[in-house]
Amino acid sequence: MDFENILIEIEDQIGLITINRPKKLNALNKATIEELHHAFKDLDEDEDVRVIIITGAGEKAFVAGADIAEFANYSVYEGSQLAAKGQELLFNQVERMQTPVIAAINGFALGGGLELAMACHFRIASDHARMGLPETSLGVIPGYGGTQRLPQLVGKGRAMEMILTAGMIGTEQALMSGLINQMVAQELLIPCCKKIATKIINNSPVAIAAAINSINAGYNNNGYKKEIESFGECFGTDDFKEGTTAFLEKRKANFPGK
Ligand code: COA
């Protein structure tokens, strides 16, 4: 498959995926999600690739979220399909990969961007990265696993605060709360991830896959299904219409509250 929105390099048994829509801050449109799905599948099946690193093109953004322009006019049904398909095609796929996936967060990781980073097995961020789940400021909720994976990583109280305020946190706070494992200077981000990858490559790939499966097994519950239903319901609200329209018109939202 030819890719238009992502770049792939393989070197020293490490696969590097770069999401490459810098003019849209690497926002995840449907085409990019499809391409990522195929890229992850191919790399997981390639025995010569032992670790995968995913990052965003440019210095400004890892991924600034799902593509708001694409879903602003969706119905309740389309909204729930968006969440269900995205979770299955990409976010659950990444979490279940048998090859370890490291998120190299090089800038804004917002909404679907932070959800993608959280689906990875762990995260390293550059010192100027900013992270958040701003969906409630658009009249919707995180729909790509964010209501489940954020509390798993940072605890319920911190996740509640981040999701309810729709605010962003910097790298130091993310490090303190366990959202990321390390903070490094921008120019050291990929070298640092590669250094960790090299340590992983020294270990048994069979044992690594078994460890991933075993750790993931501890987090199985029905929360993802509830998130899909609630995410879809948001698409029937006036608040959602106002939130997404305000973003696209570059103004502050004035929510009617229904
Ligand atoms: N979906 C679609 N387009 C997006 C986007 C998204 N999630 N995030 C950024 N973009 C686009 C902008 O619309 C803009 O496009 P334009 O140049 O054609 O107008 C371009 O990327 C650059 O973004 P801009 O907002 O001008 O950059 P900024 O530096 O002023 O602000 C952010 C950066 C990240 C704070 C801001 O882009 C933002 O809030 N993005 C949305 C984040 C979000 O709510 N994500 C969750 C979605 S569910």
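Here is what the cut-offs are and how they apply
Residues numbered from 1 in each chain as written. Predicted model: local features only at pLDDT ≥ 70, side-chain atom pairs only at ≥ 80, totals over all residues. Heavy atoms only, no water. UniProt positions renumbered as here; feature names shortened; annotations may be inferred. Pairing = 2+ DSSP bridges. Helix = DSSP H or I, 4+ residues; strand = E, 2+ residues; numbered from the N terminus. Axes fitted to C-alpha atoms, helices over the stretch in contact; angles between N-to-C directions. Phe/Tyr/Trp six-rings, centres within 6.5 Å; stacked < 30°, edge-to-face > 60°. Buried < 20%, exposed > 50% of the residue type's maximum accessible area, 1.4 Å probe, protein only. Salt bridge = Lys/Arg side-chain N within 4 Å of Asp/Glu carboxyl O. Contact = heavy atoms within 4.5 Å. Near = heavy atom within 4 Å. Polar contact = N/O pair within 3.5 Å; in protein donor to acceptor, adjacent residues only side chain to side chain. Areas by Shrake-Rupley, 256 points an atom, 1.4 Å probe, with all protein chains shown as cover. Nonpolar A, V, L, I, M, F, W, Y, C, P; charged D, E, K, R; others polar.

The protein chain is annotated in an unreviewed UniProt entry as Enoyl-CoA hydratase/carnithine racemase from Galbibacter orientalis DSM 19592. UniProt's Sequence similarities (unreviewed entry) comment on the protein chain is quoted here verbatim: "Belongs to the enoyl-CoA hydratase/isomerase family."

Further remarks concern the sheet that holds strand β9 (residues 168-170). Within the open sheet, the four strands sit side by side as β4-β6-β8-β9. Their pairing is mixed. Strand pairing shows two members of the sheet lacking a second neighbour, β4 (61-63) and β9, which therefore form its edges. For this sheet, the mean inter-axis angle between neighbouring strands, taken without regard to orientation, is 20°. Note: β4 against strand β6 (residues 108-110), two bridges, orientation parallel.

Quick look at the packing of aromatic side chains now. On inspection of all chains with the given rule, the structure shows six aromatic pairs. Seen from their ring centres, phenylalanine 71 and phenylalanine 240 are 6.1 Å apart, and the 25° between their planes marks the pair as stacked. One end of the pair, phenylalanine 71, is in helix α2 (residues 68-71); the other, phenylalanine 240, is in helix α11 (residues 238-248), and 169 residues separate them in sequence. Side by side, phenylalanine 71 and phenylalanine 240 carry an identical accessibility label, which is buried. Through successive ring pairs, a cluster of aromatic residues spans Phe71, Tyr74, Phe231, Phe235 and Phe240.

Side-chain pairs of opposite charge can arise where the charged atoms are in close proximity. This structure, assessed with the given rule, holds nine salt bridges. It is possible to trace a salt-bridge network through shared partners that takes in Glu242, Glu249 and Arg251.

Here asparagine 5 lies in the segment before β1 (6-11). With relative accessibility at 11%, the residue asparagine 5 sits in the buried group. The contact partners of asparagine 5, leaving out residues within four places of it in the chain, are Thr18, Ile19, Asn20, Arg21, Ala31, Thr32 and Glu35.

Glancing now at the site of the ligand. In the region of the ligand, 18 residues are neighbours, and Lys24, Lys60, Ala66, Ile68 and Lys250 sit closest. Take lysine 60: an N or O atom from its side chain is 2.5 Å from an oxygen atom of the ligand. A distance of 2.9 Å separates an oxygen atom of the ligand from a polar atom in the side chain of lysine 250. Alone, the ligand offers 870 Å² of accessible surface; in the complex the protein occludes 69% of this. Classifying every residue of the shell around the ligand gives eleven nonpolar, one polar and six charged.

This part covers helix α4 (residues 112-119). Residue pairs three or four apart in sequence face the same way in an α-helix, which turns once every 3.6 residues. Across the eight residues that make up α4, a large majority, eight, are buried. Of all the residues in α4, the buried ones are Gly112, Gly113, Leu114, Glu115, Leu116, Ala117, Met118 and Ala119.

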